[in-house]
Amino acid sequence: MKRIDTYIARQFGLTFIFASLSFLALFVILDLIENIDRFIDNSVDLQHISLYYLSFLPEVFLATTPIAVLLSSLYITGRLSSSSELSAIFSAGLSLRRIMLPFAFVSLVITVFNIINAGWILPETTAYKNTFMREFLGKNSEHLFPESRIHILESRDRILSIGKLEPNTGQAEKITLETFDGSTITQRIDAEKMNYNADLDRWIMTGTRNRTFLPDTTLYRYDPGNDTLKLSITASSLKELHLRPEEMNIVQHYRYIEEKKDAGFSNLQTAIIELHSRIALPITSLIIILIGVPLSTRKKRSGLAIEAGISILIGFLYISLEKTIHAIGNGGMADPVLTAWLPNIIFLGVGIVLYKTSKT
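A brief look at the structure comes next.

Attention now goes to the pattern of salt bridges. One pass over the structure, following the stated rule, counts seven salt bridges. Note that Arg211 is salt-bridged to Asp190, the shortest N-O span being 3.0 Å. Of this pair, Arg211 sits in strand S5 (residues 202-213) while Asp190 sits in strand S4 (residues 184-197); the two residues are 21 residues apart in sequence, bridging distant segments of the chain. Among the residues examined, Arg211 registers a relative accessible area of 29% and is labelled partly exposed.

Okay, here's the thing in C-alpha cells:
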C-alpha cells in the first residue's frame, strides 16, 4: 500500500509544482509586458527588476495554490481513471477515502508552507515591493510618516501625537500626550524626545512640560531632564507604525489589532478579516482535495483541457465568492471572523457532498 501512496503523492506533487511554476511564469511575463515601459522610463536596472518580481512570487503562489491543487488532483485522478489504474485500486479493496490520503498529505505540506508564507514571508516581500514602487516608480506611500504628525488614540481617554518618528529605532520626537475627561482636556504633556526603557518597562521623556487643567487654574511643571511615563502602546508597536497590516507578520498583525481594541478603536473589520484570511486561504488547499478527487472519479474520460477548464471555473467561483463576502464583511454587515472563513465553509460543504455522493 505504501508503494501506491508514494506513486500517487509523487505524481500529484510533481504536477502541482509544474502547474504552480506555470502560473508564476505567466504572471511574470504578463506583468513585465505591462510595465516594461515604466521600468525603462525610470531607468530601473535588471537587478532591482529581478528582486521586484521575486517579491511578487509569494503572493502569486499563495493566490494560485488552490487552483493548482485542484488542477493537479483532477488531472492525476482522471489519468488514473482513464488508464484503468483507479479501477484496479478499487478492485484491490481500497476505498476513495484511502486513495485520498496521499493527496491530503501533499496538500497538508503545501498548506503548512503557505501558512508560513502568508504569516511571515509574504509581509516581508510586500514591504519590499511597496518600497520598490515608491522609490523607482514614483508611487506614493501614505503609510510612511517621515515628517507628518502622527496621532494615536493611546487609550480611551488619551491621545498621543508624534511629530517625528524614527522607524528603525522607535525613537520619537516632538511628543504631545493629551488626557481628556469626556470632551474636556484635563492634562497635556509635551516632550522633546521619547524612548522606551525595557528595564523599567516605561517610556523616558526628555524635556517635559506638564500642564494640568483645573476648573479655576492651570498647574504647570517643566522638567529639563528625564521623566518616566507608562503607556499602553509598546516599543515594538511604535516601530511598526510605518507598516501597513499587510506588511506585518502574523504576530505583529495580531498585536496590532489587540492594541487597537485596547485603545478603543472599533472599526477593525478589515484588519481582522485580513488576519484570519492568512490562515483560511492556505487551508483551502486541503479543502479543495474533497472537490477535486471525487469530482474526477465521476469523469472517466476527461482530457487536460477539460480538467483545466473545470479548475479555472471553480477557482473563479471561489475568488468571486471570497471577494463578495469580504466586501460585505468590510462594510460591517457580517462578523469579520465568519467573513474570512465562510468561503472555506461553503466549499467544505460542497466537497463533503461530492465525497458522500461518489459512486466509487
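On to the side chain of Glu322, then. Looking at the element boundaries, Glu322 is found in helix H8 (residues 304-330). Of the side chains with opposite charge, Lys323 comes closest to the buried, unpaired Glu322, at an N-O distance of 5.2 Å. Ignoring anything within four residues of it in the chain, the contact list for Glu322 reads Leu281 and Pro343.

On to the nonpolar core, then. Formed by 40 residues in total, the largest nonpolar core has its most connected members in Phe12, Val69, Phe103, Ile289, Ile291, Ile314 and Phe347. Mapped onto this core, the elements with two or more residues apiece are helix H1 (2-41), helix H2 (46-82), helix H3 (85-91), helix H4 (96-136), helix H7 (269-298), H8 and helix H9 (336-356). The biggest single contributor to this core is H2, with ten residues. Those residues in contact with Phe103 that sit more than four places away from it in its chain are Ile8, Phe12, Ser73, Ile76, Thr77, Ile289 and Val293. Among the nonpolar cores identified, the runner-up in size contains 18 residues, and Ile150, Ala172, Ile175 and Ile233 belong to it.

Bringing the packing of H2 against H4 into the picture now. Interaxial distance between H2 and H4 falls to 7 Å at its minimum, and their mutual angle equals 155 degrees. The angle between the axes of H2 and H4 places the two elements in the roughly antiparallel class. Two packed elements cross with a definite hand, and for H2 against H4 that hand is left-handed. For the contact of H2 with H4, a count of residues per class yields 19 nonpolar, nine polar and two charged.

Let us now look at the pairing of strand S2 (residues 158-165). Of all eight residues in S2, six are buried; the element is thus mostly enclosed. Between strand S1 (residues 150-155) and S2, which pair antiparallel and follow one another directly, the connecting turn spans two residues.

The relative placement of two aromatic rings is captured by the distance of their centres and the angle of their planes. Under the counting rule described, the total for this entry stands at 13 aromatic pairs. The rings of Phe27, Phe39, Tyr52, Tyr53, Phe56, Phe132 and Phe136 are connected pair by pair, giving a single aromatic cluster.

Two numbers describe how H1 lies on H4: the axes approach to 9 Å, and their chain directions differ by 25 degrees. With respect to their mutual orientation, H1 and H4 come out roughly parallel. Once H1 is placed against H4, the crossing between them reads as right-handed. Contacts between H1 and H4 pair Asp5, Ile8, Ala9, Phe12, Gly13, Phe16 and Phe39 from the former with Arg98, Ile99, Pro102, Phe103, Val106, Ser107, Ile110 and Phe132 from the latter. Tallied by class, residues from the contact of H1 with H4 come to eleven nonpolar, two polar and two charged.

The subject of this paragraph is the environment of Lys323. Within the secondary structure, Lys323 is located in helix H8. Sequence separation between Lys323 and Ser285 is 38 residues, and the spatial gap between their C-alpha atoms is 18 Å.

Turning our eyes to something else, we now look at the side chain of Thr176. Position of Thr176 among the secondary structure elements: in strand S3 (residues 172-181). According to the relative accessible area criterion, Thr176 is buried, its value standing at 7%. Polar contacts involving the side chain of Thr176 include one to the side chain of Asp190, which spans 2.9 Å. In this structure Thr176 touches Arg149, Ile159, Leu160, Ser161, Arg188, Ile189 and Asp190, once residues within four positions along its chain are discounted.

A cluster of nonpolar residues, Leu108, Val112, Phe113, Ile116, Trp120, Ile121 and Val251, forms a patch on the protein surface that exposes about 600 Å² of accessible area. The greatest single-element share of the nonpolar patch, amounting to six residues, is contributed by H4. By relative accessible area, which is 41% here, Ile116 ends up partly exposed.

Reading across the sheet, the six strands line up as S1-S2-S3-S4-S5-S6 and stay open at both edges, with antiparallel pairing between neighbours. Strands at the two margins of the open sheet, each flanked by one partner only, are S1 and strand S6 (218-229). Along the sheet, successive strands turn relative to each other by an average axial angle of 20 degrees, direction set aside. Examined bridge by bridge, S2 and S3 share seven bridges and lie antiparallel to one another. When the sheet's bridge partners are listed, Leu165 is paired in S3 with Ala172.

Before going further, it helps to examine the environment of Ile17. Along the chain, the position of Ile17 falls in helix H1. C-alpha of Ile17 to C-alpha of Leu54: the two residues are 37 residues apart in sequence and 17 Å apart in space.

Turning next to the pairing of S4. Two elements, S3 and S4, share nine bridges in a ladder whose sense is antiparallel. Its bridge partner lying in S4, Ile175 is registered against Ala191. In terms of strand pairing, S4 meets S5 through nine bridges, oriented antiparallel. What sits directly across from Asn195, in S5, is Ile204. The turn joining S4 and S5, which pair antiparallel and follow one another in sequence, is formed by four residues; a positive phi near 55 degrees is taken by Asp201.

Criteria and thresholds
Residues numbered from 1 in each chain as written. Predicted model: local features only at pLDDT ≥ 70, side-chain atom pairs only at ≥ 80, totals over all residues. Heavy atoms only, no water. Salt bridge = Lys/Arg side-chain N within 4 Å of Asp/Glu carboxyl O. Helix = DSSP H or I, 4+ residues; strand = E, 2+ residues; numbered from the N terminus. Buried < 20%, exposed > 50% of the residue type's maximum accessible area, 1.4 Å probe, protein only. Lys, Arg positive; Asp, Glu negative; His and termini not counted. Contact = heavy atoms within 4.5 Å. Core = buried A, V, L, I, M, F, W, Y, C linked by side-chain atoms within 4.5 Å. Axes fitted to C-alpha atoms, helices over the stretch in contact; angles between N-to-C directions. Parallel < 35°, antiparallel > 145°, perpendicular 65-115°, else oblique. Left-handed = near helix turned anticlockwise from the far one by under 90°. Nonpolar A, V, L, I, M, F, W, Y, C, P; charged D, E, K, R; others polar. Pairing = 2+ DSSP bridges. Phe/Tyr/Trp six-rings, centres within 6.5 Å; stacked < 30°, edge-to-face > 60°. Polar contact = N/O pair within 3.5 Å; in protein donor to acceptor, adjacent residues only side chain to side chain. Patch = residues over 30% accessible without salt bridge, like charges linked within 9 Å, V, L, I, M, F, W, Y side chains within 5 Å. Areas by Shrake-Rupley, 256 points an atom, 1.4 Å probe, with all protein chains shown as cover.

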